Amino acid sequence: MSEPILSVNDVSVKLNNQIVLDGINLEIEKPSFLLIVGPNGAGKTTFLKTLLGIIKPFKGEIRVLGLNPFRDSMSVRKFVGYVPQKDKISYETALSVGEVVLMGILLRKRPPRVVSKEDIEAAKKALSYLNMEDKWNCFFSELSGGQQRRVLIARALASDPQLLLLDEVFAGLDLEVQEELLSLLEEFRENGKMIIAVEHELDPVISVADRILVLNRRVYAYGKPSEVLNEEKLKQVYPRLRSIEKDGRRIIILGDRHA
Amino acid sequence: MLDPFTLRAFISVFFMSLSAPIMVIMLLRGALYITPEISHAALGGAALGVLLQTLFITLIDPFIIVILFCAGVAILTAYVGRSGLQSLSMMMSALLAVSVTIYALIRSWLPKEKRIIVDGYLISDILLLSDIDIINLAVTSIISFLITLVFYKEFIYICFDADTAEALGLRVKLYDALLFATTSIAAAVIVKAVGVLLSVALLILPAAASRILARNINRMFAASLMLVLLSGAIGIALSYQFNIPTSGAIAFTSTIIFALAYLTKLKK
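Residues numbered from 1 in each chain as written. Chains lettered and ligands numbered in written order. Predicted model: local features only at pLDDT ≥ 70, side-chain atom pairs only at ≥ 80, totals over all residues. Heavy atoms only, no water.

### Here we look at the overall build of chain B
A tally of regular secondary structure across chain B gives 13 helices and 0 strands. For chain B, the C-alpha radius of gyration of 18 Å lies close to 18 Å, the compact-globule estimate for 268 residues. With the principal axes as the frame, chain B shows a C-alpha extent of 55 × 40 × 30 Å. Sequence-distant contacts, at least 24 apart, represent 76% of the contacts inside chain B between residues at least 6 apart. Accessible surface, chain B: about 11,800 Å² in total, of which carbon and sulfur atoms supply 73%. One finds the centroid of the 17 positive side-chain charges in chain B at a distance of 7 Å from the centroid of its 13 negative side-chain charges. (Helix = DSSP H or I, 4+ residues; strand = E, 2+ residues; numbered from the N terminus. Rg over C-alpha atoms; globule rule 2.2 N^0.38 Å. Contact = heavy atoms within 4.5 Å. Areas by Shrake-Rupley, 256 points an atom, 1.4 Å probe, with all protein chains shown as cover. Lys, Arg positive; Asp, Glu negative; His and termini not counted. Charge placed at Lys NZ, Arg CZ, Asp CG, Glu CD.)

Written as structure tokens, this is what we have:
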């Protein structure tokens, strides 16, 4: 059995003296696509930040790619790509698409973080992977929501990470763009990489996820989609959940309004 | 040929303009509104500085205490402000009250000739700056400008996406503290040149006008710098022409330039 790419052992996290994650246990092997779902305030983003070594748990132990994200934070960050929620971006800061993608490379370098020819090539390669190379000189803020999400994924991919952490990248995108992004992420996984995606809704990532983690401060369910996707388990986290049949498909409505 | 007073005023305007780029970064960080509080903290710093100078004779230049005091206030405000807007506004108000109280208390204890120095920080006349003042302005404004240039990428990354910057290993809290400390140095330069009351016109308005006139960040830097130079040059000319206080004329010009920039935006 290979070493797990992610190992979380009895991890508990406090923010402002309140427990936001309580006794989380998890073990994942690669290649894998883990979908984390949960209502608002469930601790999903906190969980991602804990994996990155930004938030330190008061209890438990984490290993990302065999490394301790607090002791070996720089090594972990070298192997991890991160895409934040869209509302964490300042659209007032007018950066070009090229500058945004280079950010993902230059932040891994030491100051003065001089841009090399190789950096530009790597950034352009990541953009071309997402069919966005012609937007290099465009202002990021002037792109559509879907294009912006692609640029942010390109920024995360530019340094060739082993693990990609996505924080609600599908929120607010139309179905067509969601499907395009999903096929790109599937390709990433098929190349032996791992993806952890936090989403508020089960759709659309559910179709490609290998594992689902239902989180609401603690783990309510974890396993293959077929094991986790039953109303009884999901209702513990989403009390207003209901499912409907439409065109022969069962659609789950979580009934939790997104902030 | 310019008289020495006017020449020193022009030189001061040049050094004030070097403070403009860091104000643009504060604007992009969404924290420009803290700068008036930082400039008001200069009053408390000036009173403390002059008191220390009185007690220890000429060992301490009050301007250094002004910079340290402003930096302390700015960093504390930024640190507490991370917990939310309510904490930020509470800390801003409290530190403003503390700074003004320190100023009022110490001022009342100081001998008359020392009070003039402290009051010079409240309303300063750019024509009356001494050679030592010019050297102080030169050193501090060049330091703030160099910090802005050297850490430009880090500051901009924090402005654009602090979460990812932190996720990729940038010490966001440290660079935020550096940003606020550098802003304090820049604010102290402007306070020294035109006084606390008029400083807001040169701290906020050129950066705000540059945001209206330019999109690209480097162009915003250039525009804000040029607007301070323009306000200074026109202000000094107006003060000679109409026999009005020079610092006031510079602040007035800066306000008019901002108003014109804003009107252009409305017309578009």
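### Some words on the sheet that holds strand E6 (residues 163–167) of chain A
All names here are of chain A. Strand order across the open sheet formed by 6 strands is E5-E6-E7-E3-E8-E9, with mixed pairing between neighbours. The sheet is open, and its two edges are formed by strand E5 (80–83) and strand E9 (218–223), each paired on a single side. For this sheet, the mean angle separating the axes of adjacent strands, direction not counted, is 15°. Where strand E8 (residues 211–216) lies against E9, 5 bridges are found, and the strand directions are antiparallel. Paired with Leu213 across the bridge in E9 is Tyr222. (Pairing = 2+ DSSP bridges. Axes fitted to C-alpha atoms, helices over the stretch in contact; angles between N-to-C directions.)

### Observations regarding the layout of surface pockets
Quantified by volume, the largest pocket comes out at close to 1,400 Å³. Lining the largest pocket are 39 residues, and of these Arg29, Gly81, Arg82, Ser83 and Asp176 of chain B lie nearest its centre. Breaking the lining of the largest pocket down by element, the ones donating at least two residues are helix H1 (44–51) of chain A together with helix H4 (62–81), helix H5 (85–109), helix H8 (152–167) and helix H9 (172–194) of chain B. Ranked by residue count, the leading element in the lining of the largest pocket is H8 of chain B, at 7 residues. When its residues are assigned to classes, the lining of the largest pocket shows 20 nonpolar, 9 polar and 10 charged. (1 Å grid on protein atoms, 1.4 Å probe; cavity = no way out; pocket = protein on both sides within 12 Å on 5 of 7 lines; lining within 4 Å. Points joined across faces, edges and corners; volume = space filled by probe spheres on them. Nonpolar A, V, L, I, M, F, W, Y, C, P; charged D, E, K, R; others polar.)

### Points about the interface of chain A and chain B
Interfaces are often sized by the accessible area lost when the parts come together. Counting from both sides, the interface comprises 32 residues of chain A and, opposite them, 21 residues of chain B. Summed over both partners, the interface of chain A with chain B buries about 2,500 Å², with 60% contributed by carbon and sulfur atoms. At the boundary of chain A with chain B, the tally comes to 5 salt bridges. Put simply, Asp163 of chain B and Lys49 of chain A hold a salt bridge, and the shortest N to O gap is 3.2 Å. For the pair chain A and chain B, the number of links is 11 residue pairs in polar contact (both at pLDDT 80 or more). Those elements that place two or more of their residues in the side of chain A that touches chain B are helix H2 (73–79), E5 and helix H3 (97–106) of chain A. Considering each element in turn, the side of chain A that touches chain B owes the most residues, 5 residues, to H3 of chain A. Along the lines of polarity and charge, the residues of the side of chain A that touches chain B split into 20 nonpolar, 4 polar and 8 charged. (Buried area = accessible area lost by both parts, 1.4 Å probe. Salt bridge = Lys/Arg side-chain N within 4 Å of Asp/Glu carboxyl O. Polar contact = N/O pair within 3.5 Å; in protein donor to acceptor, adjacent residues only side chain to side chain.)

### A look at the confidence of the model for chain B
For chain B, the average pLDDT comes to 93, and 99% of its residues sit at 70 or higher. Both confidence scores are given for the complex: pTM 0.91, ipTM 0.89. (pLDDT = per-residue confidence, 0-100.)

### Some remarks on the pattern of salt bridges
Close approach of charged atoms allows side chains with opposite charge to pair. What the rule picks out here adds up to 16 salt bridges over all chains. The shortest N-O distance in the salt bridge between Asp131 of chain B and Arg8 of chain B comes to 2.9 Å. A residue pair is termed long-range when its members are at least 10 positions apart, and Asp131 of chain B in helix H7 (residues 131–150) and Arg8 of chain B in helix H1 (residues 4–17) qualify at 123 residues. Several salt bridges converge on common partners, so that one network encompasses Glu186, Arg189 and Asp210 of chain A.

### So, the sheet that holds strand E4 (residues 59–64) of chain A
Residues and elements named next belong to chain A. Spatial strand order, E2-E1-E4: 3 strands in an open sheet with antiparallel pairing. A strand with exactly one partner marks an edge of an open sheet, and here the two such strands are strand E2 (18–28) and E4. For this sheet, the mean inter-axis angle between neighbouring strands, taken without regard to orientation, is 25°. As paired elements, strand E1 (residues 6–15) and E4 share 5 bridges and run antiparallel to each other. In the strand pairing of E4, Ser7 is matched with Arg63. On top of the sheet, H1 reaches E1, E2 and E4; it is set at about 120° to E1, its chief contact.

### Here we look at the nonpolar core
Core analysis: the biggest nonpolar cluster contains 141 residues, and Val151 and Ile212 of chain A together with Met16 of chain B have the highest contact counts within it. Top contributing element to this core by residue count: H9 of chain B, with 13 residues. With 30 residues, the next largest nonpolar core counts Leu6, Leu165, Val198 and Leu215 of chain A among its residues. (Core = buried A, V, L, I, M, F, W, Y, C linked by side-chain atoms within 4.5 Å. Buried < 20%, exposed > 50% of the residue type's maximum accessible area, 1.4 Å probe, protein only.)

### Remarks on the environment of Val200 of chain B
Residue and element names in this part refer to chain B. Secondary-structure assignment places Val200 in helix H10 (residues 196–203). Owing to a relative accessible area of 28%, Val200 belongs among the partly exposed residues under this scheme. When the C-alpha positions of Val200 and Thr35 are compared, they lie 7.7 Å apart, and in sequence the two are 165 residues distant. Sequence-distant contacts of Val200, that is, excluding residues within four places in its chain, are made with Pro36 and Leu205.

### Quick notes on a nonpolar patch on the surface
Taken together, the side chains of Phe252, Ile256, Leu260, Tyr262, Leu263 and Leu266 of chain B define a hydrophobic patch exposed on the protein surface, amounting to about 610 Å² of accessible area. Here Leu260 of chain B shows up in helix H13 (residues 246–267). (Patch = residues over 30% accessible without salt bridge, like charges linked within 9 Å, V, L, I, M, F, W, Y side chains within 5 Å.)

### Overview of unusual backbone geometry
Residue and element names in this part refer to chain A. Here the amide bond leading from Pro111 into Pro112 is cis, since omega sits at 10°, within 30 degrees of zero. The residue Pro112 is located in the loop between H3 and helix H4 (117–129) in this model. You will see that Leu65, though not glycine, has its phi angle at about 50°, which is positive. Its location among the elements puts Leu65 in the loop between E4 and H2. A positive phi is found at Asn131, a non-glycine position, where the angle reads about 55°. Inspection of the secondary structure puts Asn131 in the loop between H4 and helix H5 (145–157).

### Quick notes on empty space enclosed by the protein
According to the stated counting rule, one finds 1 cavity of 30 Å³ or more in the structure shown. For the largest cavity, the calculated volume is near 30 Å³. Gly81, Tyr82, Gly104, Arg108, Arg155 and Ala156 of chain A together with Thr164 and Leu168 of chain B are the residues that line the largest cavity. Contributing elements (two or more residues each) for the lining of the largest cavity: E5 and H5 of chain A. Partitioning the lining of the largest cavity into residue classes produces 3 nonpolar, 3 polar and 2 charged.

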